[in-house]
Amino acid sequence: MSTAPQQAEQHHRIDYIELPVKDMAEAKRFYGAVFGWKFEDYGPQYTSFMDGRLRGGFNPELAVVKGGALIILYSKDLEATHAKVREAGGRIVQDTFSFPGGKRFHFTDPTGNELAVWGDP
């Protein structure tokens, strides 16, 4: 079966993201422990991840950019995810706050990438 129709549905949608990493093993441990992501290594210098819906990669050649695009994940249990981030070595940089439509918090991963997690109110 051809993948062309599936790819056509992806037109102008985010297809793949790459996150800078300093330590590949630590990134895999952190994101696997907190979010349950799965990984596939492409040699020692590149790992792809799958979050169950979107694919991405860990790239040690990229630098962390403060104030860059913010990746926001969803959680059906925001408090549990907040605790898992802290337990896995992430640093909460903005504690849980309310916004129209829900609540969210921001954290940095072990490399220093800032991401956010939101949940329903």
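Residues numbered from 1 in each chain as written. Predicted model: local features only at pLDDT ≥ 70, side-chain atom pairs only at ≥ 80, totals over all residues. Heavy atoms only, no water.

A.B. asks: Explain the nonpolar core to me, and be specific about the residues and the numbers.
C.D. replies: Core analysis: the largest hydrophobic core is formed by 19 residues, its most contacted members being Phe30, Tyr31, Trp37, Phe58 and Phe107. Mapped onto this core, the elements with two or more residues apiece are β1 (16-20), α2 (24-35), α3 (78-87), β7 (102-108) and β8 (114-119). Sort the elements by how many residues they give to this core and α2 lands first, with five residues. With residues up to four places along the chain from it excluded, the contact list for Phe58 reads Leu19, Val21, Met24, Ala27, Lys28, Tyr31, Trp37, Phe39, Gln45, Tyr46, Thr47 and Phe49. (Core = buried A, V, L, I, M, F, W, Y, C linked by side-chain atoms within 4.5 Å. Buried < 20%, exposed > 50% of the residue type's maximum accessible area, 1.4 Å probe, protein only. Helix = DSSP H or I, 4+ residues; strand = E, 2+ residues; numbered from the N terminus. Contact = heavy atoms within 4.5 Å.)

A.B. asks: Pulling in residues and values, what's your account of α3?
C.D. replies: Among all positions of α3, only Leu78, Thr81, His82 and Val85 are buried. Buried residues of α3, seen end-on, are gathered within an arc of 105 degrees and therefore sit on one face of the element. Exposed and oriented more than 90 degrees from the buried face of α3 are Glu79 and Glu87. Looking at the buried residues of α3, the elements they touch are α2, β6 (91-99), β7 and β8. At the exit of α3 stands Gly89, carrying a positive phi of roughly 100 degrees. (Arc of directions from axis to C-beta.)

Keep in mind that these numbers describe shape and distance, not what the molecule does.
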